[in-house]
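Residue-level listing of the chains:
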Amino acid sequence: MSSPASRERLGLLLGFIGMAIFGGTLPATRIAVAEIDPIALTALRTAIAGLCSLALLLVLRRPLPPRALWLQLIIAMLCVAILFPLLMSMGMQRVDASHGGVVLGVLPIATALVAVAITHERPRPLFWIASVAGAALVIAFALRQGGGALVAGDLFLFASVAVAAIGYAFSGRLTSQMPGWEVISWILVIALPLSIPAAVLTMPADITHIALKPWFGLLYVALFSQWIGFFAWNAGLAMGGIARVSQIQLLQPFVTFALAAFFNGETITLQILLFAAAVVVTVAISTRTRAKPAPSPSQRNREPPQLAAS
């Protein structure tokens, strides 16, 4: 039997793998939308991941979720599987992946704000200060990059942060009722009646004209960003501890920068790095100062995990 220390180390490794997978989402999306329409990309991404999820659930003979959870699953599905990838893809048509990495860096704060609203928590004042500071930094960055005005890409990214925060907060609640991999799998399966017809209708007329690189981008966001990344991330949280493993997420913007520089040929300026570092500091403060009611003994091991941006 593995020792607690080795289990924790494995959890940290899995958490890092999950974070790194999510860090590649924006660069891969940026590559894909160069030749695939965002609506088609969203439909194909969700349909591919949904079919894989359905196959896994059938092979493992998983029962349908309880009826009481379906409304939460539908809300999470609309946000995580449809609106977030669509809005994020539309943003990636208009701004660089490194730019998106800074904007989406505030997603953990947005998710915490939604969680506070739906759980009626009363965070410490420092939580609110850090949250406002993080949002202000991202807006200031967008304005500075846009020459004093918010460009359309920023508006799409801000909207994607809002819907993702709602989806991740509800997904986090659902993980107290079933394993994390099963939550994301059921979310994607529930989306199939929408994603499959949409994929058929929006499929590019002549796919032979699409280069190989955008197809790889599509497969990455479908199989890894939308599905497999959650397996590693949620397993890491369960094995290594939510409080410790979730801090790995602070590295995600910098993973995005490295991948964007390598695969997209983007130039990562000092300004981008400084703004990202400042946002990361506000995220770290907000996550450490978010007050939670003391859990009962039966609830201590059922705290919903935080979900990384995908």
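See above for the structure.
The sections below set out a description of the structure shown in this document. (Residues numbered from 1 in each chain as written. Predicted model: local features only at pLDDT ≥ 70, side-chain atom pairs only at ≥ 80, totals over all residues. Heavy atoms only, no water.)

### Comments concerning helix H9 (residues 180–190)
What counts is decided by this rule: The rule is simple: take the accessible area with a 1.4 Å probe, protein chains only, and divide by the maximum for that residue type; under 20% is buried, over 50% is exposed, in between is partly exposed. Secondary structure elements follow DSSP: runs of H or I no shorter than four residues count as helices, runs of E no shorter than two count as strands, and numbering proceeds from the N terminus. In what follows, residue pairs with any heavy atoms lying within 4.5 Å of each other are defined as contacts.
Counting buried positions over the eleven residues of H9 gives ten, a clear majority of the element. Taken together, the buried positions of H9 are Gly180, Glu182, Val183, Ile184, Ser185, Trp186, Ile187, Leu188, Val189 and Ile190. Residues of H9 that are buried sit in contact with helix H3 (38–59), helix H4 (70–92), helix H8 (152–174), helix H10 (192–202) and helix H11 (212–240).

### Quick notes on the nonpolar core
The test is simple: Joining through side-chain atoms within 4.5 Å is the link that ties buried Ala, Val, Leu, Ile, Met, Phe, Trp, Tyr and Cys residues into a set, and such a set is a nonpolar core.
Core analysis: the biggest nonpolar cluster contains 70 residues, and Leu41, Phe84, Met92, Leu104, Tyr168 and Ile187 have the highest contact counts within it. Membership of the second largest hydrophobic core comes to six residues, among which are Val102, Phe141, Phe257 and Ile272.

### So, a nonpolar patch on the surface
Which entries qualify depends on this criterion: For patches, a residue must show more than 30% relative accessible area and have no salt bridge; joins then use 9 Å for like charges and 5 Å for nonpolar side chains, namely Val, Leu, Ile, Met, Phe, Trp and Tyr. Computed by Shrake-Rupley with a 1.4 Å probe, the accessible areas treat only the displayed protein chains as cover when residues are assessed. The rule for a salt bridge is simple: a side-chain nitrogen of Lys or Arg has to be within 4 Å of a carboxyl oxygen of Asp or Glu.
Judged by side-chain polarity, Leu10, Leu13, Phe16, Ile17 and Leu251 come together as a nonpolar surface patch covering roughly 420 Å² of accessible area. By the element assignment, Phe16 lies in helix H1 (residues 4–23). In this structure Phe16 comes out as partly exposed when scored by relative accessible area, which is 39%.

### A few points about the pattern of salt bridges
Going through the model one piece at a time under the given rule, you end up with two salt bridges. Put simply, Arg30 and Asp96 hold a salt bridge, and the shortest N to O gap is 3.2 Å. Here Arg30, found in helix H2 (residues 25–32), pairs with Asp96, found in the loop between H4 and helix H5 (97–103); they are 66 residues apart in sequence, far enough to count as distant. With relative accessibility at 35%, the residue Asp96 sits in the partly exposed group. With a shortest N-O distance of 3.1 Å, Arg62 and Glu182 are connected by a salt bridge. With Arg62 in the loop between H3 and H4 and Glu182 in helix H9, this residue pair connects regions lying 120 residues apart in the sequence.

### A short note on the packing of H9 against H11
Threshold: Axis definition: a line fitted to C-alpha atoms, over the contacting stretch in the case of helices. Angles run 0 to 180 degrees between N-to-C directions. What sets the label is the angle itself: under 35 degrees gives roughly parallel, over 145 gives roughly antiparallel, 65 to 115 gives roughly perpendicular, and the rest give oblique. In this scheme the crossing of two helices becomes right-handed for a clockwise turn of the near helix relative to the far one and left-handed for an anticlockwise turn of less than a right angle. Polar here means any residue outside two lists: the nonpolar Ala, Val, Leu, Ile, Met, Phe, Trp, Tyr, Cys and Pro, and the charged Asp, Glu, Lys and Arg; Gly therefore counts as polar.
Where H9 meets H11, the closest approach of the two axes is 8 Å, and the angle between their N-to-C directions is 160°. With respect to their mutual orientation, H9 and H11 come out roughly antiparallel. Both H9 and H11 take part in a crossing whose hand is right-handed. Along its contact with H9, which presents Gly180, Trp181, Ile184, Ser185 and Leu188, the element H11 presents Gln226, Trp227, Phe230, Phe231 and Asn234. Counted by class, the contact of H9 with H11 contains six nonpolar, four polar and no charged residues.

### Side note on the side chain of Thr42
Heads up, the rule is: Distance and chemistry together define a polar contact, namely a pair of N or O atoms within 3.5 Å, with one atom able to donate a hydrogen and the other to accept it when in protein, and with adjacent residues in sequence counting only for side-chain atoms on both sides.
Summarising the element assignment, Thr42 is placed in helix H3. Judged by its relative accessible area of 7%, Thr42 falls in the buried class. Among the polar contacts made by the side chain of Thr42, one reaches the main-chain amide nitrogen of Leu86 at a distance of 3.3 Å.

### A few points about the packing of aromatic side chains
We describe a pair of aromatic rings using the distance from one ring centre to the other and the angle between the two ring planes. What counts is decided by this rule: Pairing of aromatic rings covers Phe, Tyr and the six-membered ring of Trp, with a centre-to-centre limit of 6.5 Å; geometry is then stacked below 30 degrees between planes, edge-to-face above 60, and tilted otherwise.
Taken as a whole and judged by the stated rule, the model has ten aromatic pairs. Here Trp227 and Phe231 contribute two aromatic rings whose centre-to-centre distance is 5.2 Å and whose plane-to-plane angle is 65°, an arrangement assigned as edge-to-face. Pair noted here: Trp227 and Phe231 are both in helix H11, with a separation of four residues, about one helical turn. Grouping aromatic residues by their ring pairs yields a cluster made of Phe22, Phe84, Tyr168 and Phe230.

So, to be careful, I would describe these as geometric facts and stop short of saying anything about function.
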